[in-house]
Amino acid sequence: MFASSSALAAPASDTSNEAFNACVAGLKDKAIAAGVSRPVADDVLASVEHLDRVIELDRRQPEFTTTFADYLNRRVNPRRIEQGRLLLEEHQELLQRVTRETGVPPAYLLAFWGLETNFGSYFGRMSVPSALATLACDPRRSSFFTTQLIAALQIIDEGAIAAEQMEGSWAGAMGHVQFMPTVFLKHAVDADGDGRRDLWNSLPDAMMSAGQFLQSMGWDPDYRWGREVQLPEGFDYSLAGHGQRSLAQWRELGITDAFGQPLDDLELQAKLIVPAGHRGPAFLVYKNFRVIMGWNRSEYYAISVGHLADRIAGAGGLHNPPPTDTPALSRDIIKTLQQSLNRQGFSAGSADGILGPATRRAIRQFQARNGLTADGYPDQRLFQALELDGWTQ
């Protein structure tokens, strides 16, 4: 396996107490101008602290990429599936109510809940006002986190939660379903009728808010997220990862369902994705997959939500699980891969160490040009063809 040659994390912020206090004073003026009451702005911002740990986490980038097998197996595991099924029965009445009002089925609500906070077992222990003030006073993403801080103050101002109880992730995500403050303001609802939108202590509020959020992004109650499929021998993998075709068109190309049965002859649009390359599972994903990615932009995350929902609803495991013998690649070697592809005329974009769409497209083009399976997935044969040393199984 390739070893990383350098640390990628930037040093923690050197913000002084004086500079931080001056920044917070400016944030208070902006909050009051945005409608936050002066007493709340004064009280909350007087007690915020600069959290070096938050800056450290914001700067940290993983040394190695996560394989799809590792990502999926950590999140969709027997214990979580079993717990999800128990909660499906325990909260049946509430979940069915949310489904009636938003169209989002119970198993999906549980899947989001399970992935975000392991069904409410861990919300994060950071002070949200302090974390957001720290990030708002850091130049890297100051504008975004200033907006989030003001939204958090507005949440406190409306009486949803006391400032000292507003805990969440280092980036300010909060409650059972880890809403950012701006999402809370727009989509959180009072489903239990107690006069407060409480995503920390009220499961009805949290589940209904999640359903409302997904509905607002276009959730289609008539269809699922996607499905595992089988690809025929000699399939053209350049068709994966971009563009949509109808199920009828995918059927004509020889794709079957996971059991080998023909796909329905429908005009339903679907995209094909192969997150672990040609050795792993293939999925046709529908509109609701894009909705899930509106919650989190990771394809791995969206597949995990969909698959966990299927398992909670009673489905079995994948017919073609992702291979577990694929090594995680360091960000440095991905940069080297990107540089090599760019030098040979296959545009992988900037060498940032991230396997994004441009890099995968460049890999597919190189693979097709060199007689390899053009699945856009970096494997041993790709590195050998590029004459890059160091890959180990």
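A quick note: this is a predicted structure, and the numbers were derived from the prediction, not measured.

Asker: What should I look at first to understand the side chain of Ser209 in this one?
Answerer: Note that Ser209 resides in helix α11 (residues 203-216). A distance of 2.6 Å separates the side chain of Ser209 from the backbone oxygen of Asp205, its partner in a polar contact. Setting aside residues up to four positions removed in sequence, Ser209 forms contacts with Phe179, His187, Ala188, Val189 and Leu199.

Asker: Would you explain the packing of helix α1 (residues 17-33) against helix α2 (residues 38-46) in this entry?
Answerer: The relative placement of two packed helices is expressed as an angle between their axes plus a distance between the axes. One can describe the packing of α1 onto α2 by two numbers: an axis separation of 9 Å at closest approach and a directional angle of 155°. Taken together, the axis directions place α1 and α2 in an arrangement best described as roughly antiparallel. Seen from above, α1 lies across α2 with right-handed handedness. On α2, the residues touching Val24, Leu27, Lys28 and Ile32 of α1 are Arg38, Ala41, Asp42 and Leu45. Looking at the contact of α1 with α2, its residues break down into 5 nonpolar, no polar and 3 charged.

Asker: Would you take a moment to explain the pattern of salt bridges for this structure?
Answerer: Close approach of charged atoms allows side chains of opposite charge to pair. Under the criterion given, the structure shown has 14 salt bridges. One salt bridge in this structure joins Arg141 and Asp58, with 2.4 Å as the shortest N-O distance. Here Arg141 is found in the loop between α8 (128-136) and α9 (142-157), whereas its partner Asp58 is found in helix α3 (residues 52-59), with 83 residues between them in sequence. Since its relative accessible area comes to 33%, Arg141 is described here as partly exposed. Classification of Asp58 as buried rests on a relative accessible area of 8%. In this structure, the salt-bridge partner of Arg224 is Asp310, at a minimum N-O distance of 3.3 Å. Of the two residues, Arg224 sits in the loop between α11 and β3 (226-230) while Asp310 sits in helix α14 (residues 299-312), which places them 86 residues apart along the sequence. Here Arg224 falls in the partly exposed class, since its relative accessible area comes to 36%. Within the structure, one salt-bridge network assembled from shared partners comprises Asp58, Arg59, Asp138, Arg140 and Arg141.

Asker: Explain the state of the cysteines to me, please; I cannot follow it from the model alone.
Answerer: Any covalent bond linking the sulfur atoms of two cysteines counts as a disulfide. In the structure shown here, the tally under the stated rule is 1 disulfide. Paired through a disulfide, Cys23 and Cys137 show a sulfur-sulfur distance of 2.0 Å. Since a negative S-S torsion denotes a left-handed disulfide, the Cys23-Cys137 link at about -100° is left-handed. Of this pair, Cys23 sits in helix α1 while Cys137 sits in the loop between α8 and α9, and the two are 114 residues apart along the sequence. Cys137 gets classed as buried once you look at its relative accessible area, which sits at 14%.

Asker: Help me out: how do you make sense of the confidence of the model for the protein in this one?
Answerer: Residues of the protein with pLDDT of at least 70 account for 95%, and the chain-wide mean is 93. Across residues 1-14, confidence stays below pLDDT 50; counting only partners more than four residues off in sequence or on other chains, it has 33 contacts.

Asker: What is the right way to read the packing of α8 against α9 from this model?
Answerer: For the pair α8 and α9, interaxial distance at closest approach is 8 Å and the crossing angle is 155°. Looking at the two axes, α8 sits roughly antiparallel to α9. In this structure, the crossing between α8 and α9 has a hand that is left-handed. Contacts between α8 and α9 involve Val128, Pro129, Leu132, Ala133, Leu135 and Ala136 from the first element and Ser142, Phe145, Thr146, Gln148, Leu149, Ala152 and Ile156 from the second. When the residues that make up the contact of α8 with α9 are grouped by side-chain class, the tally is 10 nonpolar, 3 polar and no charged.

Asker: For this particular structure, what's the right way to read the packing of aromatic side chains?
Answerer: Scanning the model with the defined rule gives 15 aromatic pairs in all. Relative to Phe366, the ring of Phe346 has its centre 5.5 Å away and its plane inclined at 80°; by these criteria the two rings are edge-to-face. Residue Phe346 is found in the loop between α15 (331-343) and α16 (357-369), and its partner Phe366 is found in helix α16; the two are separated by 20 residues along the sequence. Take Phe346 and Phe366: they sit in the same class, and that class is buried. The ring of Tyr71 has Arg75 sitting right over it, with the charged end atom 3.6 Å from the ring centre. One residue, Arg245, lies across the ring of Trp250, its end atom 5.4 Å from the ring centre.

Each value, and the rule that gives it
Residues numbered from 1 in each chain as written. Predicted model: local features only at pLDDT ≥ 70, side-chain atom pairs only at ≥ 80, totals over all residues. Heavy atoms only, no water. Helix = DSSP H or I, 4+ residues; strand = E, 2+ residues; numbered from the N terminus. Polar contact = N/O pair within 3.5 Å; in protein donor to acceptor, adjacent residues only side chain to side chain. Contact = heavy atoms within 4.5 Å. Axes fitted to C-alpha atoms, helices over the stretch in contact; angles between N-to-C directions. Parallel < 35°, antiparallel > 145°, perpendicular 65-115°, else oblique. Left-handed = near helix turned anticlockwise from the far one by under 90°. Nonpolar A, V, L, I, M, F, W, Y, C, P; charged D, E, K, R; others polar. Salt bridge = Lys/Arg side-chain N within 4 Å of Asp/Glu carboxyl O. Buried < 20%, exposed > 50% of the residue type's maximum accessible area, 1.4 Å probe, protein only. Disulfide = S-S within 2.5 Å. pLDDT = per-residue confidence, 0-100. Phe/Tyr/Trp six-rings, centres within 6.5 Å; stacked < 30°, edge-to-face > 60°. Lys NZ or Arg CZ within 6 Å of the ring centre and 35° of its normal.

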